[in-house]
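Chain by chain, the residues:
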Amino acid sequence: MIYMIVRVSVIFPYRGKMPRKNTESLLISDILRKFRHEKNLSQAELAGRLGIEQSYISLLEVGKRKPSVIMLIRIADALEVSPGVMVDAVAHELRRRS
């Protein structure tokens, strides 16, 4: 949970969306989450298919890490989609947002 400190030094949970600085990470994280949900996979299940830690998937989905091209290809294979489909989805989302 994320907490925010206000002027009167009261700490309360911040329930809104945290602003993200890196648009590319945001797009990749959104697309990765979308495809994972479409396949009804948990982060742990996807990580198991890839032989990596679940925490890495979590970091990707919140935009704190960016996958390498090789990892993006491995993720696409694990999600049973073409890497091109994932890249096209990112490009489509980028055009939609601009």
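Peer 1: Whenever I open this one, the packing of helix α4 (residues 69-78) against helix α5 (residues 83-97) confuses me. Can you help?
Peer 2: Between two packed helices, what matters for the description is the angle formed by their axes and the separation of those axes. Where α4 meets α5, the closest approach of the two axes is 8 Å, and the angle between their N-to-C directions is 110°. One element, α4, and the other, α5, form an angle in the roughly perpendicular class. Between α4 and α5, the residues in contact are Leu72, Ile73, Ile75 and Ala76 and Pro83, Met86 and Val87, respectively. Its residues assigned to classes, the contact of α4 with α5 comprises 7 nonpolar, no polar and no charged.

Peer 1: What am I meant to see in α5 here?
Peer 2: A rise of 1.5 Å per residue sets the reference length of α5, with its 15 residues, at 21 Å; its end C-alpha atoms lie 21 Å apart and thus fit the reference within 8%. The backbone nitrogen of Gly84 has a side-chain oxygen 3.0 Å away, supplied by the residue at the start of α5, namely Ser82.

Peer 1: Which parts of the structure should I look at to understand the confidence of the model for the protein?
Peer 2: Fine structural detail should not be taken from predicted coordinates in areas where pLDDT scores are low. When the pLDDT values of the protein are averaged, the result is 80; 73% of them are 70 or greater. No element of the protein has a lower mean pLDDT than strand β2 (residues 11-13), at 43, and none a higher one than helix α2 (residues 43-50), at 96. Note on residues 3-16: pLDDT under 50 across the span, and 16 contacts to partners over four residues away in sequence or across chains.

Peer 1: What is the right way to read the packing of aromatic side chains from this model?
Peer 2: A ring pair, where both rings are aromatic, is described by two values, the distance of the centres and the angle of the planes. A full pass over the atoms with the stated rule returns 0 aromatic pairs. Lying over the aromatic face of Phe35, Lys34 brings its terminal NZ or CZ to 4.9 Å of the ring centre.

Procedures and definitions
- Residues numbered from 1 in each chain as written.
- Predicted model: local features only at pLDDT ≥ 70, side-chain atom pairs only at ≥ 80, totals over all residues.
- Heavy atoms only, no water.
- Axes fitted to C-alpha atoms, helices over the stretch in contact; angles between N-to-C directions.
- Helix = DSSP H or I, 4+ residues; strand = E, 2+ residues; numbered from the N terminus.
- Parallel < 35°, antiparallel > 145°, perpendicular 65-115°, else oblique.
- Contact = heavy atoms within 4.5 Å.
- Nonpolar A, V, L, I, M, F, W, Y, C, P; charged D, E, K, R; others polar.
- Expected span 1.5 Å × (residues − 1).
- Polar contact = N/O pair within 3.5 Å; in protein donor to acceptor, adjacent residues only side chain to side chain.
- pLDDT = per-residue confidence, 0-100.
- Phe/Tyr/Trp six-rings, centres within 6.5 Å; stacked < 30°, edge-to-face > 60°.
- Lys NZ or Arg CZ within 6 Å of the ring centre and 35° of its normal.

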